[in-house]
Amino acid sequence: MAANGLEETATRQFYKPENERDHGARSLASDHFANGTHIQDFDLQFALSRARRDFENLRAFRRTSGWAFDDPIGKETKGSAGKPIERSAIYPDSHILTFSVLAVLILFEGLANAYFFSSSSDLGLLGGWLQAITISFVNVISAFFVIGYLCLRHLTNPQKRWSFIAAAVGLPIAVTFIVILNLAAAHYRDLLEIHAASLALGGTEITGELIAPIQSVFANPFSFQTLDAYLLLTLGLTFAIIAAYKGRTFDDAIPGFGVVQRRAERSARELNRVVKKAAGGRNAPEEQIAEAQLLLMDMAEDFGSARPR
């Protein structure tokens with residue numbers, strides 16, 4: 001019993017300081033958050049810190065030409081660090097129009113190809129449409145993403161050497177692929193027509209060539225027998241050019257620039273919303289509101305001038 005009493009006394013003495021500290025912390029926290037203004041301070045501080053961080057990332061992106069070289073701010077640099085970006089990011093307000101154009105291109109080209117293929121194909125209208133929509137999808141998406149979105153955009157920032165080299169190598173390969181794809185589709189349409197005419201006359205020797213249009217592409221790339229083949233080739237290449245242009249203008253020409261600027265603009269809008277909410281309170285933190293307003297004015301001026309600082 002005595003041992004248990006001594007152990008209980010020691011235990012109480014051991015935990016007493018911690019319990020007192022917890023009680024003091026709770027009392028301090030209750031007094032600190034009694035009126036709720038400090039919670040509002042935290043919201044404002046969070047929005048202010050995020051806006052300041054995103055704004056500094058945007059300016060650093062401009063100074064380093066898209067992270068092509070080390071940021072000269074606060075560092076010793078030998079010679080010229082590189083040419084900074086002296087403009088605002090250029091990108092569409094919404095991508096709905098771009099995706100709508102791509103959908104129309106794929107659908108229209110698919111229907112046109114279906115008409116060309118189905119008239120002479122043993123698969124009929126549905127089979128011809130499935131073949132056509134597959135060719136159309138590969139043609140449009142490859143031109144949009146590989147040629148326009150990747151290659152053409154990375155070629156606009158030669159200071160990022162490895163990305164520039166990869167784009168310079170990939171662009172002719174992608175263009176060659178698109179041209180061969182459309183030539184093969186046109187030759188396939190040509191062979192379908194010749195095959196149908198041969199079958200009507202009782203011949204079957206053309207059937208072997210029908211399943212290998214690539215051989216005709218390399219043997220005689222522009223030797224077509226029907227007008228439909230020329231129309232199909234022209235249609236496919238035209239739609240590929242349109243898709244590549246939409247890919248190039250999908251975002252700013254410098255990869256990453258549009259993303260960084262949009263993030264800074266979203267942070268500025270969020271900070272402006274929080275500042276208006278904080279200013280409407282009776283116990284608004286005036287110092288933080290003034291600091292946030294100065295940052296908003298600086299960001300607005302920078303977004304308008306788009307000059308590196």
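Quick caveat, the model's predicted, so the values are computed rather than measured.

### What about the overall build of the chain?
Looking only at helices and strands, one finds 10 helices and 0 strands in the chain. With 309 residues in all, the chain has 39% of them scored as buried. When the accessible surface of the chain is summed, it comes to about 18,300 Å², and 63% of that surface belongs to carbon and sulfur atoms.

### Looking at the environment of Arg 161
Note on placement: Arg 161 falls in helix α5 (residues 161-200). Residue class for Arg 161 comes out exposed when judged on its relative accessible area of 61%.

### Here's the deal with the environment of Leu 296
Note on placement: Leu 296 falls in helix α10 (residues 286-305). Note: C-alpha distance between Leu 296 and Ser 267 (29 residues apart in sequence) is 9.9 Å. Among residues more than four places away in sequence, those in contact with Leu 296 are Ala 268, Leu 271, Asn 272 and Val 275.

### Focus: the packing of aromatic side chains
As enumerated under the stated definition, the model contains 9 aromatic pairs in all. Consider the rings of Phe 55 and Phe 303, whose centres lie 6.3 Å apart with planes at 80°: the pair is edge-to-face. With a gap of 248 residues between them, Phe 55 in helix α2 (residues 37-63) and Phe 303 in helix α10 connect regions that are remote in the sequence. Classification of Phe 55 by relative accessible area gives buried; the value is 1%. Here Phe 144 and Phe 250 contribute two aromatic rings whose centre-to-centre distance is 5.7 Å and whose plane-to-plane angle is 85°, an arrangement assigned as edge-to-face. In this pair, Phe 144 sits in helix α4 (residues 124-154) while Phe 250 sits in the loop between α8 (227-248) and α9 (257-279), placing the two residues 106 residues apart along the sequence. Each member of the pair Phe 144 and Phe 250 is classed as buried. Its end group placed over the ring of Tyr 91, Arg 262 keeps NZ or CZ at 4.7 Å from the ring centre.

### Looking at the pattern of salt bridges
Summed over all chains, the structure comprises 9 salt bridges. Across the salt bridge formed by Arg 59 and Glu 56, the nearest N and O atoms sit 3.3 Å from each other. With Arg 59 and Glu 56 both in helix α2 and 3 residues apart, this pair spans about one turn of that helix. Relative accessible area serves as the criterion here: at 19%, Arg 59 is assigned to the buried category. With a relative accessible area of 33%, Glu 56 lands in the partly exposed category. Among the charged side chains, a network of salt bridges with common partners joins Glu 56, Arg 59, Arg 63 and Asp 298.

### Re the environment of Ala 167
As for its placement among the helices and strands, Ala 167 is situated in helix α5. The sequence separation of Ala 167 and Cys 151 amounts to 16 residues, and the corresponding C-alpha distance is 4.4 Å. When neighbours within four sequence positions are excluded, Ala 167 is seen to be in contact with Cys 151, His 154 and Leu 155.

Criteria and cut-off values
- Along every chain, residues carry numbers that run from 1 in the direction the sequence is written.
- Where local features are concerned, this predicted model is filtered to residues with pLDDT of at least 70; where side-chain atom pairs are given and counted, the filter is 80 or more; whole-chain, interface and lining totals use all residues.
- Neither water nor hydrogens contribute to the side-chain values; these are computed over all heavy atoms in the structure.
- Secondary structure elements are defined from DSSP: runs of H or I of at least 4 residues count as helices, runs of E of at least 2 residues count as strands, and each element is numbered from the N terminus.
- Between buried and exposed lies partly exposed: a residue is buried under 20% and exposed over 50% of the maximum accessible area for its type, with that area taken using a 1.4 Å probe on protein chains only.
- Exposure was quantified through the Shrake-Rupley algorithm and a 1.4 Å probe, taking into account, for residues, occlusion by the shown protein chains and nothing else.
- Contacts are residue-level and defined by heavy atoms, with any inter-residue pair within 4.5 Å sufficient.
- In summary, the pairing rule links any two rings of Phe, Tyr or Trp, Trp by its six-membered ring, whose centres are within 6.5 Å, and it sorts them by plane angle into stacked for under 30 degrees, edge-to-face for over 60 and tilted for everything else.
- Charges are assigned to positions over rings by a cutoff of 6 Å between ring centre and Lys NZ or Arg CZ, combined with an angular limit of 35 degrees from the ring normal.
- By definition, a salt bridge exists where a carboxyl oxygen of Asp or Glu is found within 4 Å of a side-chain nitrogen of Lys or Arg.

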